[in-house]
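# Remarks on the overall topology
Listed below are the residues making up each chain.
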Amino acid sequence: MSDDQLSQLFEQVRQGALSVEQAVEQYQEQVPQKTGALASASIDLDRSSRCGYPEVVYCEGKTSTSLVEIFTLLLEAKQRCLGTRISEAQAEVVLKQFPQAIYNQTARTIRIPEKDAAFDEELISGRIAVLTAGTSDRPVAEEAIETLIWMGYEPDFIVDVGVAGPHRLQEQLPRIQNVSAIVVAAGMEGALPSVVGGWVSCPVIAVPTSVGYGASLGGMAALLGMLNSCAANVTVVNINAGFKAGFIAGLIADQKQKTS
């Protein structure tokens, strides 16, 4: 229950429109239990009230049955669901149970909208951009995009603007110079975030990807290059961590929206 909803409840009691007992009953109906205990997991149902968004399910290593149980519990608590790193086999089972689910095979994510959840289904567009250096970085970038959609944003997706063709980024500058945050996914030497950072006034969240030949060391070269960026507005998340980058970009946009 939000602060506004709680204030309205108190006001109704003060005015005599609700008894104390009725107010307590309404409060209990709208506030889920803090922890949902399952045989395979303990779900944090209170995370949305503490952190702004519900718990996200990391699907790798979990059984399909466990995933169905977790998503069922989240939906019963009126929380919209996001699962990351889901396999095709897992997704097939989840989709049978929840036909409304949205599976992104490239991103390896699944979203299950809950029509009764406290969430405005109209997405906010134009506040966040997601860029890739190459098309091989797309799976990581799409994980960030699915995360942002789950958060209520519709990011501007710009693909294949890496430093091997500098003119390609310059052509897209009008699309990235008036946003709240930018996610940049890049492998190889990981140079693109630094270049982007030199063109914009917003935070740039760099995501190193495990794309590249032997000396790229599975994304370590890109990670180190990004950590050593001389662009002051560049920050870095873990290798292939598209979810983390998207979530941070969404939080930045949230704060920008509140202050404006």
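Preceding this section is the structure that the text describes.
One structure accompanies this document, and this report is about it. (Residues numbered from 1 in each chain as written. Predicted model: local features only at pLDDT ≥ 70, side-chain atom pairs only at ≥ 80, totals over all residues. Heavy atoms only, no water.)

Across the interface, helix 6 (residues 138-151) lies against helix 10 (residues 242-259) with an axial gap of 7 Å and an inter-helix angle of 40°. One element, helix 6, and the other, helix 10, form an angle in the oblique class. The two elements helix 6 and helix 10 cross, and the hand of that crossing is right-handed. The segment helix 6 lies against helix 10, with V140, E143, A144, T147, L148, W150 and M151 engaging G242, F243, G246, F247, A249, G250, L251 and D254. (Axes fitted to C-alpha atoms, helices over the stretch in contact; angles between N-to-C directions. Helix = DSSP H or I, 4+ residues; strand = E, 2+ residues; numbered from the N terminus. Parallel < 35°, antiparallel > 145°, perpendicular 65-115°, else oblique. Left-handed = near helix turned anticlockwise from the far one by under 90°. Contact = heavy atoms within 4.5 Å.)

Along the chain, A249 turns up in helix 10. Its relative accessible area of 0% is what places A249 among the buried residues. Between the alpha carbons of A249 and T63 there is a distance of 30 Å; along the sequence they are 186 residues apart. In this structure, A249 is in contact with I128, L148, A181, V183 and I205, ignoring residues within four places of it in sequence. (Buried < 20%, exposed > 50% of the residue type's maximum accessible area, 1.4 Å probe, protein only.)

Moving on: the pairing of strand 8 (residues 153-158). Sheet topology places strand 7 (residues 124-132) next to strand 8; five bridges connect them, and they run parallel. Across the sheet, the residue bridging to A129 is D156, located in strand 8. This β-α-β element, strand 7 to helix 6 to strand 8, shows right-handed connectivity. (Pairing = 2+ DSSP bridges. Right-handed = clockwise from strand over helix to strand, strands pointing away.)

Another point: helix 7 (residues 166-176). Taken together, the buried positions of helix 7 are occupied by L169, Q172, L173 and I176. Within helix 7, the buried residues cover an arc of 155° as seen down the axis, which keeps them to one side. Exposed side of helix 7, more than 90 degrees from the buried face: E171 and P174 are the residues found there. Its buried side turned inward, helix 7 meets strand 7, strand 8, strand 9 (181-186) and helix 8 (192-197). (Arc of directions from axis to C-beta.)

By the element assignment, T132 lies in strand 7. Within the structure, T132 has its side chain in polar contact with the backbone oxygen of G134 (distance 3.0 Å). Polar contacts involving the side chain of T132 include one to the main-chain amide nitrogen of D160, which spans 3.0 Å. Once residues lying within four places of it in the same chain are set aside, the contact partners of T132 are D137, R138, A141, F157, I158, V159, D160, V161, G162, A185 and L192. (Polar contact = N/O pair within 3.5 Å; in protein donor to acceptor, adjacent residues only side chain to side chain.)

A surface patch of nonpolar side chains, amounting to about 390 Å² of accessible area, comprises L217, M220, L224 and L227. Among the secondary structure elements, M220 is positioned in helix 9 (residues 220-227). The exposure class of M220 is partly exposed, given its relative accessible area of 35%. (Patch = residues over 30% accessible without salt bridge, like charges linked within 9 Å, V, L, I, M, F, W, Y side chains within 5 Å. Areas by Shrake-Rupley, 256 points an atom, 1.4 Å probe, with all protein chains shown as cover. Salt bridge = Lys/Arg side-chain N within 4 Å of Asp/Glu carboxyl O.)

Geometry only, nothing functional implied.
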